[in-house]
Amino acid sequence: MQLASTILIDGLIDASWIFIVAVGLTLIFGVLNILNIAHGNFYAIGAYVAANAVGIYYSGSNPPMLGLLAMTGAALAAAIVLGPLLERGLLRFFYHRDEIVLVLVTYALFLILEDATKLIWGVNPYYAYEPYSLFGNVNVGRMNYVGYDFFLIGLAVFIGIVLWLGLNRTRSGKVVLAVIHDREMSSAAGVNVTKIFVIAFTIGVFLAALAGAFTAPKISVQPGLAVMVVLLSFAVVVIGGLGSIEGAAIASLIVGLSRALAIHLAPWAELFIVYLVMAMMLAVRPQGIFAPTALRKI
Amino acid sequence: MSVVLEARNLNKSFGSVVAANDINVTVNRAERLGLIGTNGAGKTTFVNIVTGYIKPDSGAITLEGRDITACEPRVITKEGVCRSFQVPQLFLTLTTAQNLAVAIGIAQGQAFSPYATIDDAMAEAIDALLERFRLGDYRDQTVSELPGGVRKLIDIAVAVTRKPKVLLLDEPTSGVAAEQKFALMDIIMSALDSDVTVLFVEHDMDIVSRYAQRVLAFYDGRIIADDLPQAVLENQTVKMHITGTAG
Amino acid sequence: MSSRYAIPLLAALTLVILVVLGKLLPAWCVFLLVTAFAKGLAALGLVLIIRSGLLSFGQGLFYCAGGYGAGLFMLWGGVHDAALLVLAGGLVALVLGAVIAPLLAGYRSIFFATLTLALSMLAHGALTKADFLGGSDGLNLRPPSFIGFQPANSTESVYALYVFACILVVVFSLACRVHFNSVRGLLSLAVRDNEIRVEYLGSSVRRVISENFTAAAFLGGIGGALNAIAVAHIDPELAFWTTSGEFVFVAILSGYLSVAAVFASSIALEFIRSFSSQYFPNAWQMSLGIFMLASILFLPNGIGGLLQRRKKRMKGNKPA
């Protein structure tokens, strides 16, 4: 019982930040039709800028709680700089090409950003532990948890709801859904597809950076983050169905819980449990959980 | 007259849309059948069920007495039921000759030897087909660069490489200018062996009365008339629902 | 038909030129060519898959399987002959590919790509945990012999390896070239262009894809085995996704029509990597990325065929 609740809670905590990254990836895929290999780099960059922001913020005598705002601001700043720059300055030149080519372009971007991150922040780890104690400790049964982790779960739920409402209950959200559904049609109907591409890509980058920013206090920020994160969010998006927010949510839970299961029950499997789950899920539902299968019209 | 293809009590619904409603058809060897009906009447669904692309909810298809209802399209093709498509299904990056080479290769089972190239015998077979369908001029052109009418012909040419018992043509003249339809049908019909059974979906009633020996009229998933062309075209129900010429 | 002899003649001529060239080039360059050839062979396998319209992001799995197959055959089996080792590596990958292929053949596009990626990462994860296979450090191999010839020094060894690699490259290039021209080769392109028509001609798309995938696995294994005996080391990184990413890059850059282009791209990539890791040790990934972007942007013809067919397919398949 004790073990079960530990696995459940650890899984939820893991799922929360994974969801925030993956939902950004699925948004970019849904709107721009790009499987963005560089997505993990945005997470890493978010973690680095947040670590910098935390360092600066907590060196002064500022109210501790508002440090969270500083982290959010850092992630937002990174997204506002990188999103439009990369979408307008790079990706759009390849939209008329095969989607395989676009995947390669983001792979190249991944390689470039990997080294760029190392050149800017070096190879030594950064720590941003201050916010981690903001919410004190929480006792669940006999286990002691860090309150910040529950804050992360809340944040993920909040982001999920905001995104869902934003897409399904607002005018501009419905326009985005229209673009996801049929790009050419929406363009013909007078939708400014270019603008939606920039905004959707930037939001996607922001979500990755935000997840990086808010996990920064839990981890040591160092090279190698991007690879781990992009592979995890890949798995989530494929399990959940490409371009689906609900799918990303459920798949994040599946991935988070299976990782927690592996860590507690079979530590040797931690490295590849995600791929095992992904392969098994694909075997059962080839298009992902939340993607309808359609018969091609002939 | 021997029965080659038989459909018994075919039913198929897509949600609330009934695409096939108790379809019963018996087709004799070497018959030429025209399938008419408005869009959504169930003609293409019928063709798709016969060729295995769609499985019926109930009912059975038999080919020369053998039940082929549950078979994959590939198996049905091998059994001798071949088809063309409303939108030609071709290998667009290959040339006309290469399209035919692949078709002939598959028909002869050659395609599975990894190194067998187009030999002299195959080249001859290709040229003969090109000749029959008047496609000689397009031999080495990439299919994606060819006009719609030519693609229609190639689509049929690849379908007959197996020398089918039954050939289903889904709107062979759609997308072709009205004055060229007869020329196209002349080429198609003269290119086909006389013993092959042909079912073709067609909207143009002049084409139907010229080339069909018998007509099936589809409406709302049902067959509302099955008779000689003239009789079907004069049928009041057909006039009301399909040809739109009712009093 | 003169072309029946033209291709083998060209292959023989290429082999002679390559063997002579190896005598003239400096040793580091010759060695670099060997590793480029090893990767090129794996990328050539990937081209087979791409020709049937799919992209595998897990070709590294077979590169790794070939490497470990050859390596363990040497360490546990005591075999040192390069030809036998490469054959063993290729066969291990072939068997693995033949087992996996039918499971994968039902998947398309990004699902195929990510499943292959997942399988390759599974192998990577499992190997890092397998202590009896050296874990994440991998295993060191011993120098090979070449059909009875045991090189006396490192110069001889590198050149012997190079000649061996050239033979492999020319043989498999020849095989692929002839295959590309065959009806079966066209059938792969046909599957890529229109699966529905292939099924409606009476052929099995899954079978075509399975066969291509298995052949690709074999080539991946040959390449991996060659690489393993060249660098005398195997480790789980061979199955890591970045290894597969390089094969994808080489295959896409070279396009699917030319066999020579595969090796040209592979050599170009190896040189860029070698130079940039020497001159920009902290930014060699970045230079690689910039090179990739530049070649995608400025060499659309290298990847032209792949792009064109998609455009055409989209235009041609619109329902009427």
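These numbers were taken from a predicted model, which means no experiment stands behind them. (Residues numbered from 1 in each chain as written. Chains lettered and ligands numbered in written order. Predicted model: local features only at pLDDT ≥ 70, side-chain atom pairs only at ≥ 80, totals over all residues. Heavy atoms only, no water.)

Student: I'd like a rundown of the interface of chain C and chain A, residues and numbers included.
Tutor: On the chain A side, the residues contacting the 48 residues of chain C number 46 residues. In terms of surface lost to chain A, no three residues of chain C exceed Phe111, Trp241 and Gln285 of chain C, which account for 15% of the buried area on that side. Applying the counting criterion to the chain C and chain A interface returns 0 salt bridges. Where chain C meets chain A, there are 5 residue pairs in polar contact (both at pLDDT 80 or more). With 12 residues, the top contributor of residues to the side of chain C that touches chain A is helix H5 (residues 109-129) of chain C. Here the residues of the side of chain C that touches chain A are counted per class, giving 32 nonpolar, 10 polar and 6 charged. (Contact = heavy atoms within 4.5 Å. Buried area = accessible area lost by both parts, 1.4 Å probe. Salt bridge = Lys/Arg side-chain N within 4 Å of Asp/Glu carboxyl O. Polar contact = N/O pair within 3.5 Å; in protein donor to acceptor, adjacent residues only side chain to side chain. Helix = DSSP H or I, 4+ residues; strand = E, 2+ residues; numbered from the N terminus. Nonpolar A, V, L, I, M, F, W, Y, C, P; charged D, E, K, R; others polar.)

Student: Describe the nonpolar core, with residues and values.
Tutor: In this structure, Ile36 and Phe133 of chain B together with Trp241 of chain C are the most contacted members of the largest nonpolar core, which totals 277 residues. No other element matches the 15 residues that helix H4 (residues 99-121) of chain A contributes to this core. When sequence neighbours within four positions are dropped, the list of residues in contact with Phe133 of chain B reads Leu153, Ile156, Ala157, Val160, Ile187, Ala191 and Leu192 of chain B. Of all hydrophobic cores here, the second largest spans 32 residues; its members include Leu33, Ile68, Ile76 and Val166 of chain B. (Core = buried A, V, L, I, M, F, W, Y, C linked by side-chain atoms within 4.5 Å. Buried < 20%, exposed > 50% of the residue type's maximum accessible area, 1.4 Å probe, protein only.)

Student: Please set out the packing of helix H2 (residues 39-59) of chain A against H4 of chain A residue by residue, giving values where relevant.
Tutor: Residue and element names in this part refer to chain A. It is at 10 Å that the axes of H2 and H4 come closest, and there the two elements cross at 15°. Classed by the angle they form, the pair H2 and H4 counts as roughly parallel. In this structure, H2 meets H4 at a crossing whose hand is left-handed. Of H4, the residues touching H2 (which contributes Asn41, Phe42, Ile45, Tyr48, Val49 and Asn52) are Phe110, Leu113, Glu114, Thr117 and Trp121. Its residues placed into classes, the contact of H2 with H4 shows 7 nonpolar, 3 polar and 1 charged. (Axes fitted to C-alpha atoms, helices over the stretch in contact; angles between N-to-C directions. Parallel < 35°, antiparallel > 145°, perpendicular 65-115°, else oblique. Left-handed = near helix turned anticlockwise from the far one by under 90°.)

Student: Tell me about the sheet that holds strand E3 (residues 32-36) of chain B, residues and numbers included.
Tutor: All names here are of chain B. Pairing within the open sheet is mixed, and its 6 strands lie in the order E6-E7-E8-E3-E9-E10. Strand pairing shows two members of the sheet lacking a second neighbour, strand E6 (81-83) and strand E10 (222-227), which therefore form its edges. Between one strand and the next, the sheet's axes are offset by a mean angle of 20°, whatever the strand orientation. The sheet contact formed by E6 and strand E7 (residues 166-170) spans 3 bridges and is parallel. For Val81, the partnering residue across the bridge sits in E7 and is Val166. Running over the sheet, helix H5 (residues 148-159) touches E6 and E7 and is turned about 160° from E7. (Pairing = 2+ DSSP bridges.)

Student: So what about the interface of chain B and chain C? Which residues, and what values?
Tutor: With 40 residues of chain B in contact, the opposing surface of chain C contributes 33 residues. Each partner contributes to the roughly 3,300 Å² buried at the junction of chain B and chain C, and carbon and sulfur atoms together form 65% of this total. Remark: the boundary between chain B and chain C carries 2 salt bridges. At the junction of chain B with chain C, the criterion picks out 16 residue pairs in polar contact (both at pLDDT 80 or more). Elements that contribute at least two residues to the side of chain B that touches chain C include exactly helix H2 (73-79), helix H3 (96-108) and H5 of chain B. At 6 residues, the largest contribution of residues to the side of chain B that touches chain C is made by H3 of chain B. When the residues that make up the side of chain B that touches chain C are grouped by side-chain class, the tally is 21 nonpolar, 13 polar and 6 charged.

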